[in-house]
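# Coordinate inspection notes
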Amino acid sequence: MANKVYNFSAGPSVLPEQALKEASAACIDFENSGISILSMSHRSKPIDNMFAETEEYLRELMGIPENYDIVFLGGGCSLLFCMLPMNFLNQDATADYALTGVWANKACKEAKLFGNVNVACDTKSETYSRIEKNLNLSDNASYLHITANNTIYGTEWQSFPKPKSGFLMADVSSDFLARKINVSDFGVIYGGAQKNISCAGVTVTIIRKDLLGKVDRTIPTMLNFQTHIDAKNMFNTPPVFAVYVMNRTLKWLKEFGGVEAIEKLNREKAALLYSALDASKVFVGTAAKEDRSIMNVPFVFNKDVVAADKADDLAKEFLEFAKARGLQQLKGHRSVGGFRASIYNAMPMEGVQALVDCLGDFEKKVL
Ligand code: PMP
């Protein structure tokens, strides 16, 4: 029999099998209606109920208080990079951006189109391999923007910085519901769903109600968060199927025991993989130990053991070696090189153990 496949992709990524089965069945017949979810009007009662239930799951799992709205939108997280400053940053105001990776930079670039930006930190010269905690914050910032987990570099904020003024805004695309956070510490929490909570096609933005309606500019209707809040996420045809995959993934997470239970498992998985890397003679993790992500684990060959001119061929060999064991999509991001194991919520401990065994066996082959 072929090996069980474990998918370490950084995104779109592994989702719970149960959620995938339920979503597949709904493509043929949604809740015994005889109609596929893909063909059902978003104005119908079943879809309306499903949206309300998805929001309820999110509120319960994350502990989202009543004074926050939840917006589901298409367009990807990259659209939110521009929508957020458009809705929250006045032309003459300043926002602080902590540049801890490529995604933070992309968010910052968009903010500059709408107001002033103060760079609170920038670790580009260190290939973003660590999180700078000593931030240069402005006195009158509208908000401080951070990327909670840096998908490419495998670093995450272990504790969140406090803005000097304004509110904290966080891109949680790659650690959505992976660990417990206190929603009230943030003004805005947002992210794409295609890593931990659904397939591509939907984003989630969680907004403290009192922050909206403060900018002077005219905001196009579709790009105004208030439009979607007023229309209960049905202003136009929303990405119904992606919201349903989220619904099933959140149901799975709730049955699993919620965020506390998944965080415990996530920490155990990460600890297993990092201790294997730390003990390895051939592989080495690239992120600063104190900032290591529990979601994305980038690693490269140890330069003292694998000569630079041999590294490319050996990397291909390792990826083939892993693939033959069912371990897929381990290639690293081009800006870091090497390998990256993304071990999101739906990656079981067995998958991480299989990877650790694979690293050990490859090391024996090489040494
Ligand atoms: N933010 C982070 C932290 C990401 O990892 C990504 C995608 N990898 C994005 C934003 C961009 O998301 P999208 O492709 O949905 O625009």
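Note that this is a predicted model, so its numbers are computed, not measured.

Around the ligand, the neighbouring residues are Gly11, Gly76, Cys77, Ser78, Trp103, Thr147, Thr151, Asp171, Ser173, Ser174 and Gly192. Residue classes in the shell around the ligand are distributed as 2 nonpolar, 8 polar and 1 charged.

Time to look at the confidence of the model for the protein chain. Low pLDDT means the predicted coordinates in that region are not meant to be read closely. In this model, the protein chain carries an average pLDDT of 97, and 99% of its residues clear a pLDDT of 70 or more. This complex was scored by the predictor with a pTM of 0.98 and an ipTM of 0.99.

For the rest of this paragraph, the subject is the UniProt feature "modified residue: N6-(pyridoxal phosphate)lysine" (unreviewed entry) in the protein chain. Here, UniProt's "modified residue: N6-(pyridoxal phosphate)lysine" (unreviewed entry) annotation points to Lys195. By secondary structure assignment, the location of lysine 195 is in the loop between strand E9 (188-192) and strand E10 (203-208). Judged by C-beta crowding, with 30 C-beta atoms within 10 Å, lysine 195 ranks as buried. Excluding anything up to four places from it in sequence, lysine 195 contacts Gly11, Ser13, Ser173, Ser174, Phe176 and Tyr344.

We now examine the sheet that holds strand E12 (residues 296-301). Reading across from one edge, E11-E12-E14 is the order of the 3 strands in this open sheet, with antiparallel pairing throughout. What marks the edges here is a single partner per strand, and that holds for strand E11 (283-285) and strand E14 (339-342). Strand-to-strand twist in this sheet, taken as the mean axis angle between neighbours without regard to direction, amounts to 30°.

Looking now at the sheet that holds strand E3 (residues 94-99). The strand order E2-E10-E9-E8-E5-E3-E4 describes an open sheet built from 7 strands, whose pairing is mixed. Both outer strands of the open sheet, strand E2 (68-73) and strand E4 (116-122), are each paired with one neighbouring strand and no more. Across this sheet, the average inter-strand angle for adjacent strands is 20°, counted without regard to direction. One ladder, built from 5 bridges, connects E9 with E10; its direction is antiparallel. By the bridge assignment, tyrosine 190 is partnered in E10 with threonine 205. With respect to the sheet, helix H4 (residues 102-111) is in contact with E3, E4, strand E5 (141-147) and strand E8 (167-171), its orientation differing from that of E3 by roughly 160°.

Formed by 102 residues in total, the largest nonpolar core has its most connected members in Tyr97, Tyr244, Leu273 and Ile343. Here this core gets 9 residues from one element, more than from any other, and that element is helix H6 (residues 240-256). Lining this core are residues from two domains, each supplying at least three of them: domain 1 (17-256) and domain 2 (257-366).

Bringing helix H8 (residues 308-324) into the picture now. Side chains that are three or four residues apart share a direction in an α-helix, a result of its 3.6 residues per turn. Given a rise of 1.5 Å per residue, 17 residues ought to cover 24 Å, and the 25 Å separating the end C-alpha atoms of H8 matches this to within 8%. Maximal helix bending in H8 amounts to about 25°, located at leucine 314. In the stretch just after H8, glycine 326 is the one whose phi turns positive, near 90°.

Here helix H1 (residues 17-28) spans 17 Å end to end across 12 residues, near enough to the 16 Å set by a 1.5 Å rise per residue. Taken as a whole, H1 has its buried residues at Ala19, Ala23 and Ala26. Relative to the axis of H1, the buried residues are bounded by an arc of 55° and lie together on one face. Those residues of H1 that are exposed and angled more than 90 degrees off the buried face are Glu17, Lys21, Ser24 and Ile28. Elements that come into contact with the buried residues of H1 comprise H6.

The interhelical angle for the contact between helix H7 (residues 258-279) and helix H9 (residues 349-366), taken along N-to-C directions, is 0°, at an axis separation of 10 Å. Comparing their axes, H9 and H7 come out roughly parallel. Where H7 approaches H9, its residues Leu265, Glu268, Lys269, Leu272, Leu273 and Ala276 are matched on the opposing element by Met349, Val352, Gln353, Leu355, Val356 and Leu359. Among the residues making up the contact of H7 with H9, the classes are represented as 9 nonpolar, 1 polar and 2 charged.

Criteria and cut-off values
- Residues numbered from 1 in each chain as written.
- Predicted model: local features only at pLDDT ≥ 70, side-chain atom pairs only at ≥ 80, totals over all residues.
- Near = placed C-beta within 6 Å.
- Nonpolar A, V, L, I, M, F, W, Y, C, P; charged D, E, K, R; others polar.
- pLDDT = per-residue confidence, 0-100.
- UniProt positions renumbered as here; feature names shortened; annotations may be inferred.
- Helix = DSSP H or I, 4+ residues; strand = E, 2+ residues; numbered from the N terminus.
- Buried ≥ 20, exposed ≤ 12 C-beta atoms within 10 Å, placed from the backbone.
- Contact = placed C-beta atoms within 7 Å.
- Pairing = 2+ DSSP bridges.
- Axes fitted to C-alpha atoms, helices over the stretch in contact; angles between N-to-C directions.
- Core = buried A, V, L, I, M, F, W, Y, C linked by C-beta atoms within 7 Å.
- Domains from an automatic or database assignment.
- Expected span 1.5 Å × (residues − 1).
- Bend = angle between axes of the 7 residues up to and from the residue.
- Arc of directions from axis to C-beta.
- Parallel < 35°, antiparallel > 145°, perpendicular 65-115°, else oblique.

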